[in-house]
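Summary of structural features
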Amino acid sequence: MTAFTVSALQETCLPISINGEYRQSAGPEIDCFDPTNGQVWCRISDCSDAEVDAAVRAAGDAMRNPAWRDITQSQRGALMLRLADILEENVERIAEIEVKDNGKLLREMRALAQALPVGLRYFAGMADKIEGTTIPVNKPDMLNFTVREPLGVIGVIIPWNSPLFMMIRAIAPALACGNSVVVKPSEHASAGAIAFAELMTQAGFPDGVFNLITGYGHSAGNALISHPGIAKIDFTGGPSTGRVIARNAAEQLTPASLELGGKSPHVVCDDADLDAAANGVVAGIFAAAGQTCVAGSRCFVQENVYDEVVEKIIEKTRAIKIGDPRSDDVQLGPLALWSQVEKVAEFVETARSQGATLAFGGGRPEGLGDGWYVEPTIFTDVTNDMHIAREEVFGPVLGILKFTDEDDLLTQANDSDFALASGIWTGNINRALRFMRRIEAGMVWINTYRSPSIMSPSGGFKDSGYGKHNGFAAIQEYSRIKTVVIDYSGAQQDAFVMRVTK
Ligand code: TXE
């Protein structure tokens with residue numbers, strides 16, 4: 001497949017994909033920007049309600065089509081394996097397209113693209129292992145069992161920071177369970193998902209199993225989540241949009257999984273390997289320029305090693321090379337959106353006005369043209385009540401706080417609206433496990449950070465959302481349980497009394 005490369009997509013208006021066919025949307029065009037120079041590089045369309053309706057109907061038809069509904073679960077798995085092979089051949093092309101759209105490091109996007117076939121193979125292997133259970137109810141001559149079945153059409157809404165990675169972790173379990181999908185990528189980064197649509201057809205998935213619409217959240221996104229044909233919404237994005245989706249889902253009684261923002265505590269204890277910890281803290285916040293929901297943006301350092309650790313963190317940050325995300329030696333690329341550059345500047349201003357000390361960065365680097373670059377930024381003397389400690393920046397800004405002992409640490413760390421990820425660096429396993437038990441976070445990394453796996457459940461609590469991606473937990477998210485009861489006694493039933501278990 002050669003059509004969808006960066007150079008081929010350049011300056012064109014990209015199509016949508018409905019029922020296995022690319023078509024040009026009739027909707028108004030939206031500019032997509034290259035964050036390395038702030039220039040428009042391609043365009044997408046803001047789909048109309050009618051186009052969203054066509055996509056959901058195509059997905060609904062696929063659920064009734066014997067070519068999808070009646071194939072065996074092993075055949076579903078085989079289709080996914082074929083898709084994984086095709087994706088593997090396209091890793092570089094997909095990574096390049098995504099870098100063009102969101103400006104993240106090519107090395108990072110390549111690593112994420114390489115994880116896509118791994119994720120598909122993992123869930124392909126599950127397709128024929130999705131079992132019900134047999135339940136020993138207190139009734140002789142009665143067999144009670146459950147079957148798991150697909151939900152129907154899954155509406156998948158993804159953000160711009162890691163589009164295909166976010167998409168695959170939703171659609172791989174959804175397909176393994178036998179659902180069909182309609183995906184709406186972010187208006188800021190749709191090109192990778194658009195290129196992906198063709199691979200589904202190449203792999204041999206029946207028409208309509210995968211559909212892709214584009215557009216703004218308030219228009220195309222809203223039409224998708226409000227559509228009565230949607231059986232479940234899978235959303236990854238910001239907390240305020242998450243609330244809109246949850247309200248809408250409640251209105252329609254549609255189940256939803258929400259993976260929202262974070263303000264994740266990243267802890268350095270006095271008994272840790274301080275160099276490894278400082279390295280972990282720097283990687284935890286500045287990798288992906290902080291544009292990751294699990295960014296370790298609230299760093300807690302034990303007071304007796306505070307100065308030493310701060311110095312190490314600053315030293316490592318000073319060595320970060322900022323520049324073109326395609327260069328192999330660059331460690332920090334631009335931010336994906338100009339609005340994020342402005343948002344970071346506001347955070348920096350507020351943090352200073354509230355009394356935090358700007359210990360590093362805080363501005364925009366010189367000599368990088370019109371790219372949307374910001375410096376890695378560190379605030380010290382941060383307290384947990386400050387804006388910088390409470391709200392998600394989604395940029396390369398670290399706040400460093402102090403703690404005295406474990407009680408103080410957990411009181412502060414858990415005093416947050418968010419509860420997505422967390423990390424702790426310590427040489428004491430007992431301490432690490434006590435932290436693991438008491439921390440309010442969906443993920444706990446011990447002596448490592450930002451180490452996700454498609455095989456391991458991920459997702460948050462509190463304002464970080466609900467529902468799980470990855471691991472077997474994802475299969476439960478995309479399938480439903482049906483209970484079956486068989487009476488093999490041959491006896492007549494008392495027509496007027498419920499046959500409740502006694
Ligand atoms: O996210 P939005 P944005 C956080 C991060 C960032 C903030 C805003 O803090 O600064 O969110 O980013 C679609 N109905 N995260 O504005 O708006 C939208 O089109 C249906 C954290 O990009 O949440 C896009 O496809 N859909 C995060 C998707 O929702 C709607 C990743 C995400 O957009 C919609 C990204 C609506 N009413 C941002 N409104 C993470 N957890 O990784 C918007 N959308």
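Everything discussed here concerns the structure shown above.
Figured I'd write up the structure that's included with this text. Per chain, residues are indexed from 1 in the order of the written sequence. Local features in a predicted model are, by the rule used here, given only for residues with pLDDT of at least 70; side-chain atom pairs are given and counted only at 80 or more, and totals for whole chains, interfaces and linings are based on all residues. Working from all heavy atoms in the structure, the side-chain values ignore hydrogens and water.

**Details of helix α11 (residues 274–286)**
To be explicit about the condition: For the purposes of this entry, the term helix denotes a DSSP run of H or I that reaches at least four residues, the term strand denotes a run of E that reaches at least two, and both are numbered from the N terminus. Between the first and last residue of a helix there are one fewer steps than residues, each counted as 1.5 Å, and that sum is the expected span. The buried label goes to any residue with under 20% of its type's maximum accessible area, the exposed label to any with over 50%, and the partly exposed label to all in between, with areas taken from a 1.4 Å probe on protein chains only. Note on contacts: a residue pair qualifies if any of its non-hydrogen atoms lie within 4.5 Å across the two residues. Pairing of N or O atoms within 3.5 Å defines a polar contact, subject to two protein rules: one partner must be a possible hydrogen donor and the other a possible acceptor, and residues neighboring in sequence count only if both atoms are side-chain atoms.
Here α11 is 13 residues long and its end C-alpha atoms lie 18 Å apart, about the 18 Å a rise of 1.5 Å per residue gives. For α11, the complete set of buried residues consists of L274, A277, A278, G280, V281, V282, G284, I285 and F286. Tucked into the core, α11 has its buried residues touching β12 (265–268), β13 (298–302), α12 (306–318), β15 (377–380), β16 (397–403) and β18 (421–425). For α11, the N-terminal capping position is held by D273, with its side-chain oxygen 3.2 Å away from the main-chain nitrogen of D275. Downstream of α11 by a residue or two, A288 has a phi angle that is positive, lying close to 60°.

**Quick look at the pattern of salt bridges**
Where charged atoms of side chains with opposite charge meet at close range, the side chains can pair. As a reminder of what qualifies: Salt bridges are counted wherever a side-chain nitrogen of Lys or Arg sits within 4 Å of a carboxyl oxygen of Asp or Glu.
Counting across every chain of the model gives 28 salt bridges. Residue R431 pairs with D270 through a salt bridge whose shortest N-O separation is 3.2 Å. Placement of the pair is R431 in helix α16 (residues 429–438) and D270 in the loop between β12 and α11, with a sequence separation of 161 residues. On the basis of relative accessible area, D270 is assigned to the partly exposed category, the value being 30%.

**Some words on the environment of A50**
Relative to the assigned elements, A50 resides in helix α2 (residues 49–64). A50 sits in the exposed class, given a relative accessible area of 57%.

**Let's talk about the nonpolar core**
Under the convention used in this document: Buried Ala, Val, Leu, Ile, Met, Phe, Trp, Tyr and Cys residues form a nonpolar core when they are joined through side-chain atoms within 4.5 Å.
Ranked by size, the top nonpolar core spans 92 residues in total, and within it I171, F196, F205 and F210 carry the most contacts. Among the elements that make up this core, the one with the highest residue count is helix α7 (residues 163–176) (10 residues). Setting aside residues up to four positions removed in sequence, F210 forms contacts with M167, I171, V181, V183, F196, A197 and M200. Counting 54 residues, the second largest nonpolar core, distinct from the first, contains A351, L398, I400 and L409.

**A closer look at the packing of aromatic side chains**
So the rule is basically this: For this analysis, a ring pair means two rings from Phe, Tyr or Trp (six-membered ring only for Trp) whose centres lie within 6.5 Å, classed as stacked if their planes differ by under 30 degrees, edge-to-face if by over 60, and tilted for the remaining angles. We call a charge positioned over a ring when the NZ of a Lys or the CZ of an Arg lies within 6 Å of the ring centre and within 35 degrees of the ring normal.
Tallied over the entire structure, the rule returns 8 aromatic pairs. With a centroid separation of 5.9 Å and 55° between ring planes, the pair formed by W68 and F205 is classed as tilted. One end of the pair, W68, is in helix α3 (residues 66–69); the other, F205, is in the loop between α8 (191–203) and β9 (210–212), and 137 residues separate them in sequence. In this pair, the class of W68 matches that of F205, namely buried. Here the basic side chain of K232 rests over the ring of Y478, its NZ or CZ set 5.6 Å away from the ring centre. The positively charged end of K402 is found above the aromatic ring belonging to Y306, 4.7 Å away from the centroid.

**A closer look at the layout of surface pockets**
Rules: Here a cavity is any set of points on a 1 Å grid over the protein atoms alone where a 1.4 Å probe fits but cannot get out, and a pocket is any open set with protein on both sides within 12 Å along at least 5 of 7 lines; a residue lines the site when it has an atom within 4 Å of a point. Grid points are joined across faces, edges and corners, and a volume is the space filled by probe spheres set on the points. Any residue that is not Ala, Val, Leu, Ile, Met, Phe, Trp, Tyr, Cys, Pro, Asp, Glu, Lys or Arg is counted as polar, Gly included; the first ten are nonpolar and the last four charged.
What the largest pocket holds in volume is close to 870 Å³. Around the largest pocket, the lining is made up of 41 residues, and of these F235, G237, G238, P239 and T241 lie nearest the centre. Looking at the lining of the largest pocket, the elements that each hand over two or more residues are α9 (217–225), β10 (232–236), α10 (239–252) and α13 (338–353). Broken down by element, the lining of the largest pocket gets its largest block of residues, 6 residues, from α10. Its residues assigned to classes, the lining of the largest pocket comprises 16 nonpolar, 15 polar and 10 charged.

**Concerning the site of the ligand**
Inclusion rule: Whether a residue is near a molecule or strand is decided by its heavy atoms; if any one of them lies within 4 Å of it, the residue is near. Using the Shrake-Rupley algorithm and a 1.4 Å probe, accessible areas are obtained, with residue cover drawn only from the displayed protein chains. What decides whether a molecule sits in a cavity or pocket is whether more than half of its atoms lie within 2 Å of the grid points.
In the vicinity of the ligand, 27 residues are found, and the nearest of them are W160, E187, G238, K343 and E392. One of the backbone nitrogen or oxygen atoms of I158 is found 2.9 Å away from an oxygen atom of the ligand. The contact in question runs from an oxygen atom of the ligand to an N or O atom on the side chain of T241, over 3.0 Å. Notes on the ligand: free accessible area 810 Å², of which the protein chains cover 87%. A molecule is said to occupy a pocket when more than half its atoms come within 2 Å of that pocket's grid points, and by this definition the ligand occupies the largest pocket. Those elements that provide at least two residues to the shell around the ligand are α9, β10, α10 and α13. It is α9 that provides the largest number of residues to the shell around the ligand, a total of 4 residues. Considered class by class, the residues forming the shell around the ligand number 12 nonpolar, 10 polar and 5 charged.

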